[in-house]
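The primary structure of each chain is shown beneath.
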Amino acid sequence: MLISDIRPILSHWPCGRHEDYEVVKNAVDRRFASITSKKNQQAISDADPALLAARWYPTATRPTYPVMTDLVIWFGLWDDMIEALLDDETAAEELRVSTKAFIRSELGLAEDDEVVPQVHPLVRSFQPIAAEACAFYSEERRRILLEHFDQYIDATRLEAVAEQSTDVPSLQEYWEVRMLTSGMGTLLGLAEYALQVQLPLNFLKSEAFNTLWVTAVVINSIINDLLSLKKEMEAQSVVNSVAILFDQFDDLDVAVEMSLDRTRQLVALFDSTANEILSSTDAFDASELDAIAQVIELMQTVNTGNLEWSLNARRYGVGQYLAEDGTIELTL
C-alpha cells in the first residue's frame, strides 16, 4: 500500500508543539513509572500522550496544557479498558453506566437524589479534569460537554457490535458510529477551556459551527484510518473506512486515493466555512471573533498535530516507512 504525502493537504494550516512538552512528558513518565507495570509504561511511552496533547493544543495556556494531557491519557486508557471487555458484555455495560454517572456527578449535573456508584480508579482519575471544567464552564456549557461524553460512551456499544460482526459495514454505517467513537467530541469539547476563551452560545449552536466540527472530526478520522490500517488489519479488524472502500472496490490504491480526495474536499469545506464565519463582522463583535478564530485554529492544529504525532509516535509504527518525499509504503 502506497500513501502519497499527506502533509501538503494540510500545509496551509498552522502546526506546532506546545512549549512545555518536555516538562510535561517527563512528569507523565515519572508518574506512570511509580504506578504501573513495565508493559503499560511502554504502551504509554509508545503513545506519548504529552506529545499528542502538545501537537493538538499547541496554543493552550501553560496551566491548561497539563490538564489536556491528562484528558488525553484518561481517554486513551478508558478506551483501552472498554475494548478489553469486548467479550464480557455485562462488565462492559457496568463500566459504561458507572463512568457516565461519575462524570455527571463530577460535572455538578447529577440529580439531588442520585447515588453515584463506586468506580474504577481510572474513572475516578477524571475528578481533577472535571474540577477544572466546573471552574471554567457555566452549567449550560457543562451539559453540552456531558452530552459529548455520554454520546462517546454509549457509542462504544455499537463499536463492540461492529468489531464482533463478520460483516463489513457500509461506509454510512461506519461513519454513523465513528463520528461518536473517535472521542473527538470529548477532546474538542474542552477547546475553550484549553484556550481560556468563551465562544458565543449562538455560534456554538449554529450550522456553521457544526460544519467545522464535523469536517474536523472526519478529516482526523480518515487520516487515522489511513495510518492505522496496517495495525488494524494485523488485529483482524475491518472497522476502518479505507478497509471498507477496499472491500467495495477490490483495489487498495483506489481506496487510498478516494480517502485522500475526500480529505482534500473536507479541508476545502472547512476553509470556506471558516472564512465565511470570520467575515461575519455584523454578527459578532471583535472579542467574539477573536475567540472564534482561536478555536478554528485549534481545530486545524488538532488535525496537523494528529498527523505529525501519528508519524512520529510509535503507536502506529508508520514512521519507519516514511520516505523523504513524504510517501508511506506499507506491506499489508
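We now turn to the structure provided with this report.

Rules used throughout
Residues numbered from 1 in each chain as written. Predicted model: local features only at pLDDT ≥ 70, side-chain atom pairs only at ≥ 80, totals over all residues. Heavy atoms only, no water. Helix = DSSP H or I, 4+ residues; strand = E, 2+ residues; numbered from the N terminus. Rg over C-alpha atoms; globule rule 2.2 N^0.38 Å. Buried < 20%, exposed > 50% of the residue type's maximum accessible area, 1.4 Å probe, protein only. Contact = heavy atoms within 4.5 Å. Salt bridge = Lys/Arg side-chain N within 4 Å of Asp/Glu carboxyl O. Polar contact = N/O pair within 3.5 Å; in protein donor to acceptor, adjacent residues only side chain to side chain. Axes fitted to C-alpha atoms, helices over the stretch in contact; angles between N-to-C directions. Parallel < 35°, antiparallel > 145°, perpendicular 65-115°, else oblique. Phe/Tyr/Trp six-rings, centres within 6.5 Å; stacked < 30°, edge-to-face > 60°. Patch = residues over 30% accessible without salt bridge, like charges linked within 9 Å, V, L, I, M, F, W, Y side chains within 5 Å. Areas by Shrake-Rupley, 256 points an atom, 1.4 Å probe, with all protein chains shown as cover. Lys, Arg positive; Asp, Glu negative; His and termini not counted. Charge placed at Lys NZ, Arg CZ, Asp CG, Glu CD.

### Notes on the overall build of the protein chain
- A tally of regular secondary structure across the protein chain gives 17 helices and 2 strands.
- Computed over its C-alpha atoms, the radius of gyration of the protein chain comes to 20 Å, within 12% of the 20 Å expected for a compact globule of 332 residues.
- Here the C-alpha coordinates of the protein chain stretch approximately 55 × 55 × 40 Å along the principal axes.
- Put simply, the protein chain has 332 residues, and 51% of those count as buried.

### Notes on the side chain of Asn303
- Here Asn303 is to be found in helix H17 (residues 286–312).
- Owing to a relative accessible area of 1%, Asn303 belongs among the buried residues under this scheme.
- The residues contacting Asn303, other than those within four sequence positions of it, are Leu10, Trp13, Ala216, Ile219 and Asn220.

### Structural notes on the pattern of salt bridges
- Summed over the entire model, instances satisfying the criterion amount to 15 salt bridges.
- In this structure, the salt-bridge partner of Arg157 is Glu93, at a minimum N-O distance of 2.7 Å. In this pair, Arg157 sits in helix H9 (residues 139–164) while Glu93 sits in helix H6 (residues 89–106), placing the two residues 64 residues apart along the sequence.
- Relative accessible area serves as the criterion here: at 26%, Glu93 is assigned to the partly exposed category.
- For Arg157, the salt bridge is made with Asp154, and the minimal N-O distance between the two is 3.2 Å. Remark: Asp154 and Arg157 occur in helix H9; sequence separation between them is 3 residues, near one turn of the helix.
- Of the residues examined, Arg157 reaches a relative accessible area of 31% and is grouped as partly exposed.
- For Asp154, a relative accessible area of 27% gives the class partly exposed.
- Sharing partners across several salt bridges, the network here consists of Glu93, Arg96, Lys100, Asp154 and Arg157.

### Notes on the environment of Leu298
- Within the secondary structure layout, Leu298 lies in helix H17.
- Each C-alpha atom of the pair Leu298 and Thr331 lies 34 Å from the other, and the pair is 33 residues apart in sequence.
- Once residues within four sequence positions are removed from consideration, Leu298 is found in contact with Trp56, Tyr57, Leu188, Ala191 and Leu195.

### Focus: the side chain of Thr186
- Looking at where Thr186 falls in the secondary structure, it is placed in helix H11 (residues 184–188).
- Within the structure, the side chain of Thr186 is placed 2.6 Å from the backbone oxygen of Gly183, a separation counted as a polar contact.
- Once residues within four sequence positions are removed from consideration, Thr186 is found in contact with Leu71, Phe75, His148, Phe149 and Tyr152.

### Quick look at the environment of Ala133
- Looking at the element boundaries, Ala133 is found in helix H8 (residues 127–136).
- Beyond its immediate chain neighbours, meaning those up to four positions away, Ala133 contacts Leu107, Arg142, Leu145 and Leu190.

### Description of the packing of helix H14 (residues 207–234) against helix H15 (residues 241–249)
- Packing of H14 against H15 brings their axes to within 7 Å, and their N-to-C directions diverge by 75°. Comparing the axis directions of H14 and H15 gives the class roughly perpendicular. Facing Asp225, Leu226 and Leu229 of H14, the residues of H15 in contact are Ser241, Val242 and Ala243.

### Focus: the packing of aromatic side chains
- In this structure the tally under the stated criterion is 14 aromatic pairs.
- Taking the centre distance of 5.0 Å and the plane angle of 75° together, the rings of Tyr174 and Trp175 count as edge-to-face. Across the pair, Trp175 and Tyr174 agree in class, each one buried.
- Seen in terms of ring centroids, Phe203 and Phe284 are 5.9 Å apart; in terms of plane orientation they differ by 85°. Their pairing is edge-to-face. In this pair, Phe203 sits in helix H13 (residues 201–204) while Phe284 sits in the loop between helix H16 (252–278) and H17, placing the two residues 81 residues apart along the sequence.
- Taking the relative accessible area as the measure of exposure, Phe284 reaches 10% and is therefore buried.
- A network of ring pairs unites the aromatic residues Trp74, Phe75, Trp78, Phe126, Phe149 and Tyr152 as a single cluster.

### Things to note about a negative patch on the surface
- A cluster of acidic residues, Asp247, Asp250, Asp251, Asp253 and Glu257, forms a negative patch at the surface.
- Along the chain, Asp247 turns up in helix H15.
- A relative accessible area of 49% means that Asp247 is categorised as partly exposed.

### What to know about a nonpolar patch on the surface
- A surface patch of nonpolar side chains, amounting to about 230 Å² of accessible area, comprises Phe249, Val254 and Met258.
- Examined against the element boundaries, Phe249 turns out to sit in helix H15.

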